[in-house]
Amino acid sequence: MTDRPTPTSLPRQWTAPESPLTPAVLALEDATALDAATRLGDGISGTITANDGVTGLLTGRWLGHALHPLVVDLPMGSWMSAVALDVLAGDDSRDAARLLTGLGVVTAVPSALSGWAEYADLPPRDKRVGVVHAAANGGAVVFQIASWLARRAGRDGLGRVLGLGGVALVGAGGFLGGHLTVARKVGSRDAAFTDTPA
């Protein structure tokens, strides 16, 4: 199994962007000011991937491809469901929304660990996007913890606002995660899935 994607640091070929967001993401990839943050990320990732068995578990070696895209659905789905209940069901759904908010916080742990495991051997461009992706998602977790605490204290209005802020941050993080997965082809995968000439 190929545990890590092959680093790609080839010079960029200019093509006119189709999306107004593309120039901002390209600028993020080239932002050397983020390199200090990527070194911090290297330390976090290195600690998480120090044991090969743990690395195999978190990168999805047993699954055949990266675990991270699968487990991120758990916190995102929980938090988005809490927001839906807040908007559509109101006060009748207070307990359920609080439960979903807390469930999202708990399931963010394997999501973060699997993400840092994928980060380990990325090339510099992808690491820059990766640390911003991680920061957005980390901020979302902080908002959701604050939302859960506010809801638990009976301050449901504040909890709803904080939950909505957390969902906005996780959406931004998800956009960058999608860029890494789709545009940059980041993610562990079984070598058997690699196309080879007949």
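The following refers to the structure shown. Since this is a predicted model, take the numbers as computed values, not measurements.

Some words on the overall build of the protein
Item 1. The secondary structure content of the protein amounts to 8 helices and 0 strands.
Item 2. Listed by position from the N terminus, the elements making up the protein come as α-α-α-α-α-α-α-α.
Item 3. The dimensions of the protein, computed from C-alpha atoms along their principal axes, are 60 × 40 × 35 Å.
Item 4. Looking at the 198 residues of the protein, the share that counts as buried comes to 39%.

Focus on the nonpolar core
Item 1. In terms of nonpolar packing, the biggest core is built from 12 residues, these being Leu28, Ile48, Leu58, Trp116, Ala117, Tyr119, Leu122, Val129, Val131, Leu176, Leu180 and Val186.
Item 2. Examining the composition of this core, we find that 3 residues originate from one element, helix 6 (residues 94–119), more than from any other.
Item 3. Contacts of Leu58, omitting those with residues within four sequence positions, involve Ile48, Leu67, Leu113, Ser114 and Ala117.
Item 4. Ranked by size, the runner-up nonpolar core spans 7 residues in total, among them Trp79, Val83, Val105 and Val167.

Some details on the environment of Asp95
Item 1. In this structure, Asp95 sits in helix 6.
Item 2. Between the C-alpha atom of Asp95 and that of Arg151, which follows or precedes it by 56 residues, the distance is 8.5 Å.

As for the side chain of Ser93
Item 1. Residue position: Ser93 is located in the loop between helix 5 (73–88) and helix 6.
Item 2. The class of Ser93 is buried, set by a relative accessible area of 5%.
Item 3. From its side chain, Ser93 meets the backbone oxygen of Leu85 in a polar contact 3.2 Å long.
Item 4. Excluding residues that lie within four positions of it along the chain, Ser93 makes contacts with Leu85 and Asp86.

Description of the packing of aromatic side chains
Item 1. Per the counting criterion, the structure on display carries 1 aromatic pair.
Item 2. Ring centres of Trp116 and Tyr119 lie 5.1 Å apart, and the angle between their planes is 70°; on these two criteria the pair is classed as edge-to-face. Pair noted here: Trp116 and Tyr119 are both in helix 6, with a separation of 3 residues, about one helical turn. For the residue pair Trp116 and Tyr119, the accessibility class agrees, reading buried in each case.

Some remarks on the environment of Asp121
Item 1. Looking at where Asp121 falls in the secondary structure, it is placed in the loop between helix 6 and helix 7 (124–152).
Item 2. For Asp121 and Gly46, which are 75 residues apart along the polypeptide, the C-alpha to C-alpha distance reads 9.5 Å.

Some points on helix 8 (residues 156–183)
Item 1. Given a rise of 1.5 Å per residue, 28 residues ought to cover 40 Å, and the 39 Å separating the end C-alpha atoms of helix 8 matches this to within 8%.
Item 2. Every buried residue of helix 8 is listed here: Asp156, Gly159, Leu162, Gly163, Gly166, Val167, Val170, Gly173, Leu176, Gly177, His179 and Leu180.
Item 3. Looking at the buried positions of helix 8, the neighbouring elements they touch are helix 1 (22–29), helix 5, helix 6 and helix 7.
Item 4. Among the residues trailing helix 8, Lys185 stands out with phi positive, at a value near 60°.

So, how was this worked out
- Residues numbered from 1 in each chain as written.
- Predicted model: local features only at pLDDT ≥ 70, side-chain atom pairs only at ≥ 80, totals over all residues.
- Heavy atoms only, no water.
- Helix = DSSP H or I, 4+ residues; strand = E, 2+ residues; numbered from the N terminus.
- Buried < 20%, exposed > 50% of the residue type's maximum accessible area, 1.4 Å probe, protein only.
- Core = buried A, V, L, I, M, F, W, Y, C linked by side-chain atoms within 4.5 Å.
- Contact = heavy atoms within 4.5 Å.
- Polar contact = N/O pair within 3.5 Å; in protein donor to acceptor, adjacent residues only side chain to side chain.
- Phe/Tyr/Trp six-rings, centres within 6.5 Å; stacked < 30°, edge-to-face > 60°.
- Expected span 1.5 Å × (residues − 1).

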